[in-house]
Amino acid sequence: MNIEKLIRKQDFSSDRSGTDFRDGFLLGNGDLCAVGYVPSHLEWVFNKVDVFDPTTEEAMVKKILPHEEFLRRIASMNPKNTHFLTEAENAPAKGKRQKDTISAAVLRLRFWQGCGWSAPSMPRVSRHLSLFDGILEEQIQYQGLDAAVEMFIPRERALCCMRVTEKGHPERAHCLELIRPLNSLLPEVKWERKEENLLAFTQQLPGGRHSYAVAMKLCPRNGGGPALPGSTVFTGTEMTQHGDFDLFLAVKSSLHEKDPLAAALAEAVRGADKGYEHWKKENLKFWHRYWDNAYADFGKYRQIQKYYTFSLYEIACIYGKTPMPGLNGMSYGPLDERNPGLASQGYTNDQNSQIPALAFFPTNRVFLIEALADTFFAGMRQLKKHTRKLFGCDGIFFPLVTNQLMLEYPTRSYRYSLCGSAYTGTILAQVWHYSRDEKLLREKIYPLLREFTIFYQHIFRKGTDGIYHLDWSVTPEIFTLTRDELATTSLFKQVLETVIEAAVILKKDSKYLSAWQDLLEHYPPIPKTPDGAFWCGPDVPPDHYFYGGHLLYPAFPAEITDDVRTLKKTIRLIETDAIERSFADCSGKFHMNHDWSAFLVTEAYLRAGERKKGWESALRFLELFAKENGLFCHNPVLIGDPAEAEKNEKRNWRLIGRGRRDSHGKQLLFSDPDIPHPPCVTSNPDAKRLAPAVQEGNSAFLFIASELLLQSHGGIIRLFPGVPDDFTGSFTRFLAQGGFEVSAVMKKGVITQFRIKSLAGGTVKVTGRGLAEFELSLPKGKVYARKIMQRRRSE
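Quick look at the structure, then. (Residues numbered from 1 in each chain as written. Predicted model: local features only at pLDDT ≥ 70, side-chain atom pairs only at ≥ 80, totals over all residues. Heavy atoms only, no water.)

Remarks on unusual backbone geometry
Here the amide bond leading from T322 into P323 is cis, since omega sits at -10°, within 30 degrees of zero. In this fold, P323 is placed in the loop between α7 (302–318) and β18 (347–348). The peptide bond linking F556 to P557 adopts the cis configuration, its omega dihedral lying at 10°. Considering the arrangement of structural elements, one finds P557 in the loop between α15 (548–551) and α16 (564–577). One non-glycine residue with positive phi stands out, namely R436, at about 50°. The residue R436 is located in the loop between α11 (420–435) and α12 (438–459) in this model. When its relative accessible area of 28% is taken as the criterion, R436 is described as partly exposed. Phi is positive for D484, which is not a glycine, with a value near 50°. (Helix = DSSP H or I, 4+ residues; strand = E, 2+ residues; numbered from the N terminus. Buried < 20%, exposed > 50% of the residue type's maximum accessible area, 1.4 Å probe, protein only.)

And the structure:
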């Protein structure tokens, strides 16, 4: 496989000008990101992981009930649900309960002056994003104008580098405007002009304790002139310059710098002193090294290839520094004065914050997990303080929704999903299962797993039946309380197994080990329906409505059972009764209303061995959620007749409601506010282009695409388990559980060769299409390779 050639074929190019960040092209280095678009002039919005609204609604947070008080209040309830928290934990709010994103800056560049009658014809703009090089190129043309911009963001620097070149008109004025996006929550911006060609501003963030600064240094080239200061209006300052130039823009935050302004100025000046070519070389070095790793060739399936490649690019763009990105990743920005950002900026810990990290493992990019782990290390003191306040115990509880400082957002009736620590722990446990890296185990994984386990010890209580039972909580989204809730008990079991294994390996926490082992030996069983499918919990009535995605946790991502029969029963239950299905697209088939649910159902098909449905579901995921710029939206967007879609939804309501009951025990109605009815069908052809992106979509698809080619759960390496019968393609250096690097080739549905390298030493079973299962033991560093001779087909 010529990896560079194949990756370069996946570049994103467009002659269609993006209008704002929603259809812009993404650049990033895991710390600073830029989204480029062209409303008429060239424009870029800059986002940084440590620029965010650090406040919470303190009056509402103070109203959050301690756990024991919560248990006391629900003791006599029948039915038991969390709706009472809407009033019990209510308080006057100064703003939104979950805060919007804040973009650090917007930069605009135009090649003309004046407005009104003197405005030129709209230019033609072409954009080209090189995934292999991590470079965005833009060209702008109309009569007498032919200008080009090249830009990138080098790794390990909070710096964007830009080169602007225009052919034949060194006298033309270039108008630059640096803007702090309009935001009514922010106080007045403070501008600084330290020297010629250097502009900066400082911005205090909500709450007054944190701030950030942006500095921009312009360097004329090829005889270009210096930047002349223009007017400052509200939140923007203009500069005018003639001729070619390089530009270096830096962003620094008080979260990591004592003096953000001094740090930003120093970064921009250092960028200019080192020069554009220096940083371009550094940028290429990172990206070329990044691509010299696991990759796949999907053959004739070009759309899968393109979005698989972009998603690999995207996770490197947004993961690198603390704090890790929130729900929208790093692709957000202002829409207008009333909408300065997207909601919500923070972490939703029942899966939205965890799904993005799943893709790191099979794609052999485990190093990216450090941004996630370090985010929680940085917030550990706050998390432990909050855990002691609510639960009166040691350890770490992750609230359902937090900001980047680990301060809880008040979500009232939604908040009693207690699986946040268990889900994050499952991600960290998987780091160990895939990498077998003892250094990572010791430094990043085990310290957090032990804190999660210490917390859950407190809310698992041993019953008279000799079994430990989880306190009352809710399966995400449904509000009805149960003991031994499915999501938490499933996810935490993998955490518990891993923390015990790690404590033995690292010779740690002998004082806790016997208690952890006792909890594991007397762990509650997986809740099931009377028909034998996975179920929300033993106290949730079997006719209650449910979100299908959450029922799949025991099989994936928790991986605590290999019971395929039960998994298939659960899939059939979801296909016939899950509440998040929609028939609005009028195809006669349902689709899932959210990307995370579609992801989990697709994975269930693949894990259950339902190859055809898994493949079709992977393609459907692209159809529903993939955007033209490589990103993914949270809800489906389909182009069609809205009136027909509405009729179809109501016509098929009986296939969704099917006699189900709500959290009050009443018959479920089409108008019930608990039921998702996202408007997914529109006649606007630009609707998907202008839908905001969420970070989980790219990682979800990346994981799906990887598992079409390789699965390794349960101690078995499965080669090409999810591809069609005619598949021709290959993958190289995928990471399998147990610390094995795997490469393989398939031609016309037949495996022709494969290679397995052990990174840590171990034993694994191997199987695949037409390949008899066998057991393989390899010492650390050793390789097993096999070429399979194909029989000639008879004439």
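Focus on the packing of aromatic side chains
Throughout the structure, instances matching the rule amount to 55 aromatic pairs. Centroid distance F599 to F703: 6.2 Å. Interplanar angle 90°. Geometry classified as edge-to-face. Of this pair, F599 sits in helix α17 (residues 595–607) while F703 sits in helix α21 (residues 695–709), and the two are 104 residues apart along the sequence. F599 sits in the buried class, given a relative accessible area of 0%. Across the ring face of F25, the terminal group of R127 is positioned such that the distance to the ring centre comes to 4.3 Å. (Phe/Tyr/Trp six-rings, centres within 6.5 Å; stacked < 30°, edge-to-face > 60°. Lys NZ or Arg CZ within 6 Å of the ring centre and 35° of its normal.)

Looking at the packing of α7 against α21
Closest axis-to-axis distance for the α7/α21 pair is 9 Å, and the angle between their directions is 130°. Looking at the two axes, α7 sits oblique to α21. Handedness of the crossing formed by α7 with α21: left-handed. Packed against α7, whose contacting residues are I304, Y307, Y308, F310, S311, L312, E314, I315 and I318, the element α21 presents Q695, N698, S699, F701, L702, A705 and S706 at the interface. Classifying every residue of the contact of α7 with α21 gives 10 nonpolar, 5 polar and 1 charged. (Axes fitted to C-alpha atoms, helices over the stretch in contact; angles between N-to-C directions. Parallel < 35°, antiparallel > 145°, perpendicular 65-115°, else oblique. Left-handed = near helix turned anticlockwise from the far one by under 90°. Contact = heavy atoms within 4.5 Å. Nonpolar A, V, L, I, M, F, W, Y, C, P; charged D, E, K, R; others polar.)

What about the packing of helix α13 (residues 486–506) against helix α14 (residues 510–521)?
The N-to-C vectors of α13 and α14 enclose an angle of 145°; their axes lie 10 Å apart at closest approach. Of the two possible hands of crossing, α13 and α14 adopt the one that is left-handed. Contacts between α13 and α14 involve F492, K493, L496, E497, V499, I500, A503 and V504 from the former and L513, W516, Q517, L519 and L520 from the latter. Split into classes, the residues belonging to the contact of α13 with α14 amount to 10 nonpolar, 1 polar and 2 charged.

Looking at the state of the cysteines
Disulfides are covalent bonds that link the sulfur atoms of two cysteine residues. Scanning the entire structure with this criterion turns up 0 disulfides. This cysteine, C633, is not joined by any disulfide, and C680 carries the nearest cysteine sulfur, 10 Å off. The class of C633 is buried, set by a relative accessible area of 2%. (Disulfide = S-S within 2.5 Å.)

Some thoughts on the pairing of strand β32 (residues 750–758)
Pairing geometry for strand β31 (residues 740–747) and β32, over 8 bridges, is antiparallel. Note on β32: the bridge partner recorded for V745 is Q753. Here β31 hands over to β32 after 2 residues, with K748 in that stretch at a positive phi of 50°. Where β32 meets strand β35 (residues 783–787), 5 bridges bridge the pair, whose relative direction is antiparallel. Across the sheet, the residue bridging to R755 is A785, located in β35. (Pairing = 2+ DSSP bridges.)

Points about the sheet that holds strand β29 (residues 716–719)
The strand order β28-β29-β33-β34 describes an open sheet built from 4 strands, whose pairing is mixed. With partners counted over all chains shown, the strands left at the sheet margins are β28 (710–711) and β34 (771–778), one partner each. Pairing analysis gives 6 bridges linking strand β33 (residues 762–768) to β34, with the strands arranged antiparallel. Paired with T763 across the two strands is S777, which belongs to β34.

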